[in-house]
Structures are given as C-alpha cells and as structure tokens.
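Chains, contacts and geometry: an overview
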Amino acid sequence: MRCPRPVYPLIGLFALIACGGATGSSATPTPASTGSQAQTACSPARSQAQSTPGSTTPAPAPGLSVAGGLHIQIIAHVSRARELAILPNGDLLVATGGSNVDLLPLAQNSSGIPAAHTFITIADPPDSGIAFSTAQCAIYVAGGHGVYRIPYSKGDQRAQSTPQLIASIRTGSVAPNSDGDVHRTASVTFSDATRVLYASVGSSCNACAEVDPTRAVIEQMTPAGGGMTTRATRIRNAIALTADPASGQLWAGDAGQDNLPSGHPYEFLDDVSTHAGVADYGWPNCEEDHVAYTQGAQCGTTVAPSIEFPAYSTLIGATFYPQHPSGANALPASYRGGIFVTRHGSWHTPGGCNVVPEVDFVPMHGDVPAIPVSWSDPTKQWQPFVTGFQPGCSSSTRIGRPTGIAVGTDGSLFVGDDATGAIYRVRP
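Keep in mind it's a predicted model, so treat the numbers as computed, not measured.

Scanning the chain from N- to C-terminus turns up one helix and 32 strands. Scored against the burial criterion, the 428 residues of the chain give a buried share of 57%. Summed over all atoms, the accessible surface of the chain reaches about 15800 Å², with 53% contributed by carbon and sulfur.

Here it is as structure tokens:
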C-alpha cells in the first residue's frame, strides 16, 4: 500500500503507523513523539478479528418518546456507556467509565447486530472521552490523566497497535482545601477541518481557584499531541465537546457549579472558537451574562455563552447533525445543521424536583443559534427530542440517563446511557 503524502512532517513511528504498519495490541500506553501527520483515507484492515454474528435484534425502548415521528430502539448494552464515536464502516466506539473502550460492530444494521466487545484497554480510568479523525485515521481517547492515540484501519475490530500517550493532563494536585467535588473525566474532539485536537478537563472542586493549570480548562494540540496550549480557562466541567464538521469551530457544553441561588447558574453550550486568545468563562466567580457570584469579582471580560440550558442539566454529549446527510436513514430536514445535546439530569432537587435527563435539539444557522439567548429564560433556544427518561419528579423514577451522542454514516443518531448501559438508535 502506498502511504498518502503527509501534510505535516512524519517522525519515527508515526510514519509507520500511518500506513498501518504497527501491529500488536497492548494495554500499556507508551509516550509518542510530537510529530504530526494527516491522512485522507483509512485503509482496510489487513486482518481483523471476527465478531460473533447477529446476537442482538434492535428492540423498542419502553417509556421513551422521540419527536418528529421518528423511532428509537435499543440496539445493544455496554456497561457505563459514556461518549460515542462512529467509524467509517458504521461500527460504533463506546467509551466507558472504566479502562475499556468497547466496539459495537454493524451498529447501523437493521437487524443482527453482534454483541459489543472490548476494542482496547487503557489503564487510565475513567476512559470516558473518545473521538475519531477521518483525516488522521486515528482514534483519540481521554483518560483520567492522559490523552491517547490509536491508529485505525477501516474494519479493525480490535486495536492493532499500542495506545500512544500523546498528552498529559491533571499533572498537578487538587486545589488546596478542596470541597471534595473532584471531577475525574476528560473529553476529546478532533476538528478534521482545522486539524486540531481538543481535550477538556474537569475541575478538582465545585468552586475554587485551581493550582493545576490542566484542570477546569480546554486544551488544544496538534494531531500527535504536540504544542499543547490552553484554549479556554475557568470552565468548570466541559464534558460535552464537539467540533462543527463544516466550519471546524469548537463547541463546549459545561456542567455548572452548585450552591448558588435557586435556578442558577444556567448551564451552557458555547462556540469557543469565536473568542480570541484564551476564552475565560469566569468560573467560579462569574457566570451567565457577566454576573458576579462572588463579592468583588470582575466579570466584564468573561465569556457570556451563546446557548443556555437550565441549572443542573449536566450536559454530557453534543454533536452537529450534517447539513447534507447522504445516508438512507437521514433525519428530516428540520434537524439538519443543528446540534443534538444530551442532558444527564441532576442529583439536586431544586424546587423539590430532580432536573430530568433527556436529549435536546438546538436549531442553528451555521454556528449561530437560530433563537438568540434569553437571560431570563434558559429554555427558549432548544426543544426536547428524546424524553421519558424520568417519568416524574424524583430521580427514583428514572429509566435511564443519556450520555454520549454520535451521528452514523447512514444518518442514524446514536445515544449512550450510563445508568442502564443501553445504546439507543434513532432513525426514521
């Protein structure tokens, strides 16, 4: 096989793995060089482990409703399913709250979906963030203390080489006198349009001044992890992370702090790329429309996000739906170009009720929300899409909590659930 001409310099091992030359799988990550490379197509796997044929038939998702006359099914179960990533052949990667990344083969099939199996094990739990780059033919995983790169050939059923530790996160200590609300997850997304890799890292507390510069931030780096710099700071826990495939703009959804006045702070989804330099989201002193929540805080230069959600929504996943989907299961035109967001719901009971988990849809015009932000009503800009996860006021009635979300190559929408392990599929 001839290796495509690189856009970036190739260094050492990366020249080999870009063409699928590295083989053998290992659970022990190894540091990678800081070189970068790009690839325009993922070559087929030379050999791949075969999955057990059709052991799961898609089934209805009892209790759940989806808007627009669409249908939702349960197609598999993966324990502690978190972020999702679709692969070029329609297989689905599922990150978990443990050390495994699972693969669900043939996730787009109408029937006969094989059971999920371990794609790779990385001993840096929770390995909850995952992204795939078509340009790099690579899978990126965010663990508790590192970002890892796994070369991919189309059709791989298991990783064919050792995961490469390309960037370190949470390199320092938790904040002094931490309140104990330590967030352990990290998320990743890759912009094929700009060839930039992003990683978001949760804070070490509910409200504090961090001493570790790699916490409560979004970092950006080259495809191979080089030149890591901070893109956004004082952003408490930006679990939902995605790039607009058309423009390359970076979007982040944040889980807000506790113990503020009832109904605050609003949680948000924002286009990080619109803010020059290092975007300062102001946590824990400033929230919403430059509102100071600590005495004497200077909030004039902090970010006022472009899309707002109710407090305690806990945004976990976000993805853009293609403007021009070509697959047989494309959603109706009203959803094209918009953003789907998963809300995990709350453990709080503001006003006596837990905030419900659900999947929501935000209509967009490019990278601008179709409905401008309302600072008096955080429900104006989006609409419920999948509902029924909590048929009542109490979390004790919950039948699921949505997490990761991804769009299939055929237009289907996939949603993870870390409460039940269900993998849902939405299509016409």
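It is worth spelling out the sheet that holds strand β5 (residues 81-86) at this point. Ordered in space as β5-β6-β7-β8, the four strands form an open sheet in which the pairing is antiparallel. Every other strand in the sheet has two partners, leaving β5 and β8 (117-121) as the edge strands with one partner each. On average, each strand axis in the sheet is inclined to that of its neighbour by 30°, with strand direction left out of account. Pairing between strand β6 (residues 92-96) and strand β7 (residues 100-104): four bridges, direction antiparallel. Residue pairing for β7: L93 is matched across the bridge by L103.

Side chains bearing opposite charge may pair, as long as their charged atoms lie close to each other. Under the definition given, this model contains seven salt bridges. Between R215 and D212 there is a salt bridge, with the nearest N and O atoms lying 3.2 Å from each other. Taken as a pair, R215 and D212 share a single burial class, namely buried. Among the salt bridges present, the one from D410 reaches R427, with a minimum N-O distance of 2.8 Å. Note that D410 is positioned in the loop between β30 (402-407) and β31 (413-417) and R427 in strand β32 (residues 422-427), a separation of 17 residues in sequence. Taking the relative accessible area as the measure of exposure, D410 reaches 10% and is therefore buried. Overall, R427 belongs to the buried group, its relative accessible area being 7%. Beyond isolated ion pairs, a larger network of salt bridges with shared partners links R343, E358 and D360.

With that out of the way, let us pick up the state of the cysteines. Applying the stated criterion across every chain, the model contains three disulfides. Put simply, C286 and C299 are joined by a disulfide, and their sulfur atoms are 2.0 Å apart. Taking the torsion about the S-S bond as the criterion, the C286 to C299 disulfide, at about -80°, is left-handed. Note that C286 is positioned in strand β21 (residues 286-287) and C299 in the loop between β22 (291-292) and β23 (307-309), a separation of 13 residues in sequence. Residue class for C286 comes out buried when judged on its relative accessible area of 1%. What pairs with C353 in a disulfide is C393, and their sulfur atoms sit 1.6 Å apart. Between C353 and C393 the sulfur-sulfur dihedral comes to about -110°; the bridge is accordingly left-handed. Taken together, the residues span a long stretch of sequence, with C353 in the loop between β25 (339-343) and β26 (358-362) and C393 in the loop between β29 (383-387) and β30 at a distance of 40 residues. For C393, a relative accessible area of 33% puts it in the partly exposed group. Sequence-ordered numbering of the bonded cysteines in the chain gives a pairing of 1-2, 3-4, 5-6.

Here we take up the sheet that holds strand β20 (residues 279-280). Pairing within the open sheet is mixed, and its five strands lie in the order β13-β14-β15-β16-β20. Sheet topology places β13 (186-191) and β20 at the edges, where each strand pairs with a single neighbour.

Turning next to the pairing of strand β24 (residues 315-320). With six of its six residues buried, β24 lies for the most part within the structure. In this sheet, β25 lies alongside β24 in antiparallel orientation, the contact comprising five bridges. Within β25, the residue paired with T319 across the bridge is F340.

The rules behind each value
- Residues numbered from 1 in each chain as written.
- Predicted model: local features only at pLDDT ≥ 70, side-chain atom pairs only at ≥ 80, totals over all residues.
- Heavy atoms only, no water.
- Helix = DSSP H or I, 4+ residues; strand = E, 2+ residues; numbered from the N terminus.
- Buried < 20%, exposed > 50% of the residue type's maximum accessible area, 1.4 Å probe, protein only.
- Areas by Shrake-Rupley, 256 points an atom, 1.4 Å probe, with all protein chains shown as cover.
- Pairing = 2+ DSSP bridges.
- Axes fitted to C-alpha atoms, helices over the stretch in contact; angles between N-to-C directions.
- Salt bridge = Lys/Arg side-chain N within 4 Å of Asp/Glu carboxyl O.
- Disulfide = S-S within 2.5 Å.

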